[in-house]
Every structure is written in C-alpha cells, then in structure tokens.
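The chain contents come next:
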Amino acid sequence: MKISYYPGCTLKTKARNLEDAAVASMAALGVDFQELERWNCCGAVHSLADDDLIHHVAPVRDLVRAMDQGSDKVVTLCSMCYNTLARANLLMRQDEVKRKTINDFMSEEKDYHGEVEVLHFLNFLRDHVGFDKVRERVKVPLNGLKVATYYGCTLVRPGNVAIEPPADRKLMAEFLEAIWASPVDFADATTCCGSYQVLANPDAALDVAARILESATRAGAEAVVLSCPLCEYSLARKQDELLQKNKISKDVPVFYFTQLLAAALGLGSEACRFDLSPRCSVELLKSKNYPIDAAVVGV
Amino acid sequence: MPIEISDKTIKREFIERLAKLSGQDVYKCFQCGTCAGACPMSGHMDSVPRKVMRMAQLGMEERVGETRTCWTCASCHTCTVNCPRGIDIARVMEAIRLLTLRKNVNLVEPSKLPAETVKELPQIALVSCFRKLTS
C-alpha cells in the first residue's frame, strides 16, 4: 500500500500548524507518507453546475498525480481539499460522459477513472493506523481536556463524501478518546462557520462563528478541535472582534486535531506548532500542566 | 404588493435554464421551509431559500435576480441534505449565481480587496470566494 499526501495551498502558508503536526505525528507512528509531486490547488470548492467541467480539472489532475506516483490512496488534512478531491473522484467514477470529456481535455495525462481513493487524515488514522495503536503510543495523555468536536460542513456534507455516516458523529470523539481527551458533542458541531462569506458578508460569518463558539461553551467544552483552516480563521482568528462586539462572552481555545495528536505523542514545539495557535489555546494547555515549552506563547 | 402571476409573467426559459444548470426540478419543492430553518445564513438573507424556490417555480426571473439569497449562501449544503423532497438546493443557488456571474459581473472585486485582508485570510477563503462570487 502506497500512500500519497496532498497538502493544499493553505497548509504551506497560513496553516503550518495543521501540517507540521500531522507530518511529525506520522513519522512518530512509523507511517510512510509521500507528498504528491507537482500538486496544484484543488480549487477549494466543488463546481455545482452541470455544464461547468473546467473547474473539475484541477482536483482531477491532483488525483492523476497520485496515480502517477503509484499510490492507491491520497490523504488530505484540510477539510475543503478533502471535499473537493473526494467529490471530483466520485464524479470520475460515476459519470461516464463527464469523465470522457475531462479525460479527453487532459490529453497530456493518463486517463483517470477514479482509481485512487481519497481519504481524510481522520479516516486514515482510524482505518490504517488504528486508534488502538495511537492510544498505545501516547506519551502525554490529555486527561481532563474537554474538547468540542467541530466538523463544519465539508467533512460531512454531502453524504456521499462524508468521512462517516453524518448522523454518527463518532469519528472525532474516538480520535480524542485515543489521545485520552474528553470529547464534547454539541448542537452546532456541523453548523457552517460561514465559509467564504467571511470575505463577502463578514457580519453574517461573525454571527454564525459566535453561535458555534457559544454552543460549544454551553455544552461544557473548554476548547474546540477542527480540521479546516477556514473554520480556524473564523472561529479562532476572529475572536478578538467577536469579543469586542460582545458576540461571545469569553475567548475559546481552538486547536487543529493534528496539534493535539502531536502533543499527546509527546512531540516537541517544532511539531505541535502551538506558537501559531491563539494565546488562550496555549494558556489552557499550560494550565493543565501538559509539558508545553514555556517559551511558546501563541499569537 | 400584489404580484401578477399569469402565463405572460412566468418565464419558462428561465426555469429551463435553471433546470439545465442545476440538474434539479424546482417543482418538487412543496414549500415546507426546512431549508430556511436549517440555513445558518438565513438570518442575513432578504429572502430565505424557500421563497426563492417559490419564485423560481413561478418563473419570476427578475425577482429572483433581485434577492441577495444566493450571494449570502455559503454553499454549506445544509439545505440540500435536509430537503425532504431530495432537491439539491445548493445546486439551485449555484445556478442562480451563475446566471448573473456569466454576464461578467463580479460580486467581489479581487483587485480592490485591501492588501491587509489578502495577507490575513487563508488561501482557501480567497479561492472559494472568487470561485463562487466572481465571473
């Protein structure tokens, strides 16, 4: 089994903490991850119009790259990349007419029929590493850390690419249990953070971010865990503005799930990258007496 | 305000174009409002998705074009997965967006964004926004 890894644009720039923690954790778990060569932006969203095929070319090209590498699986971390790649893959598997048009258009590439499987890192951890193995390797059990499991949209919608049956909401909880943290399910676990409307309708995005954070706090969570850099932007980076505008009552620590994994595996600050997390996130971990580098303060 | 509905006002061509772009049959909608109740952005919409679906059924091309609904939609698919009639409403919203965007209209002007905003936002925010709201 050969596994390709597709990082996506944001992980190489604004979400280094999502990627660095995952790559270091994979090494610690002894998994061989090969980054795709010459990967390109997936396009971030799946085209929904029947006549719009050109926008499927970018994600399909990435899948062809994985096939070229001899991989039967491509793993992604970013929720939006996961959704875009998985839906493009499904289209190439199921729609004969569109598949032919896209393959004909990309005449310089090998024909693609959906040979590669697109996996989100959480699925990969559960099904190919095993949560039992993760649990055995934990050096710093995150005992007593109550974390709200925030899925957002693209991990669970639409149902044909959901990382688990959408009504289950077990996968993130099982992951957190494997690192000895306490998962907290909450009413807005799959409510959209406002997505790209953070740019076009910032007020609407602020309102929905506040709703999600308040809902997590009400459910008894001390922190929120997520896997999408856009969700992280709206839920974590906008908190100063949310507090200023009295839309939330207190700041809420936010982490990428990979950062908590790296911390539980006992990896150092260069792997966990809490230096890129909000200040309150770092303070929470320090208050729990987890061995966090004292020099790391967050942003 | 009274609305005149007659064979003359129903724009059949508009309904056909919507169906062709979205692959959806708007006549399946029975106006239960589940989409509106589930939509996380509906509080900021001038017309909730249910209303837009009704306007679409009646071929009210201009009225649909005047609403801000599809420009406030975040394409989160909550309406789609909750619709009891199985309509992929996110695709209908996309089709309505494209009918405007394909006239070379930009809802967001990339070149006019403040440099600070571009520097601060994750790339996926910019790419997805431009994909959904520019021509």
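The present account deals with the structure reproduced in this document. For every chain, the first residue of the written sequence is number 1, and numbering continues from 1 onward in sequence order. As they are written, the chains are lettered A onward and the ligands numbered 1 onward, keeping that order. Residue-level local features of this predicted model are given only where pLDDT is at least 70; pairs of side-chain atoms are given and counted only at 80 or more, and the full residue set underlies all totals for whole chains, interfaces and linings.

Scanning chain B for helices and strands turns up nine helices and zero strands. Each helix is a run of H or I in the DSSP string that is no shorter than four residues. Each strand is a run of E no shorter than two, and both are numbered from the N terminus. Tracing chain B from N to C terminus, the helices and strands come up as α-α-α-α-α-α-α-α-α. Taken over the C-alpha trace, chain B has a radius of gyration of 16 Å; the compact-globule value for 135 residues is 14 Å, and the two agree within 12%. Along the first, second and third principal axes, the C-alpha set of chain B runs to 50 × 30 × 30 Å. Sorting the 135 residues of chain B into buried and exposed places 43% on the buried side. The atom set for the radius of gyration is the C-alpha atoms, and the globule formula is 2.2 Å times the number of residues raised to the power 0.38. Using C-beta atoms placed from the backbone, we call a residue buried if 20 or more other C-beta atoms fall within 10 Å of its own, exposed if 12 or fewer do, and partly exposed for counts in between.

Residues and elements named next belong to chain A. Looking at helix α7 (residues 171–178), one finds that the buried residues are Leu 171, Met 172, Phe 175, Leu 176 and Ala 178. For α7, the arc enclosing every buried residue in end-on projection is 155°, short of the 170-degree limit, so these residues lie on one face. By definition, residue pairs are in contact when their C-beta atoms, positioned from the backbone, come within 7 Å. Against the buried residues of α7 lie α5 (121–129), α6 (131–137), β5 (146–149), β6 (182–184), β7 (223–226) and α12 (257–264). A positive backbone phi angle near 70° is found at Trp 180, which sits one or two residues after α7. Note that the arc is defined by the directions from the helix axis to the C-beta atoms.

To continue, consider the sheet that holds β5(A). Residues and elements named next belong to chain A. As summarised here, the arrangement of the four strands in space is β6-β5-β7-β8, forming an open sheet in which the pairing is parallel. The sheet is open, and its two borders are formed by β6 and β8 (254–256), each paired with just one other strand. The average angle at which neighbouring strand axes cross in this sheet is 35°, direction not considered. DSSP-based pairing: two strands are paired if at least 2 bridges between them are found. Only the stretch in contact is used when a helix axis is fitted, and all axes are lines through C-alpha atoms; the angle between N-to-C directions ranges over 0 to 180 degrees.

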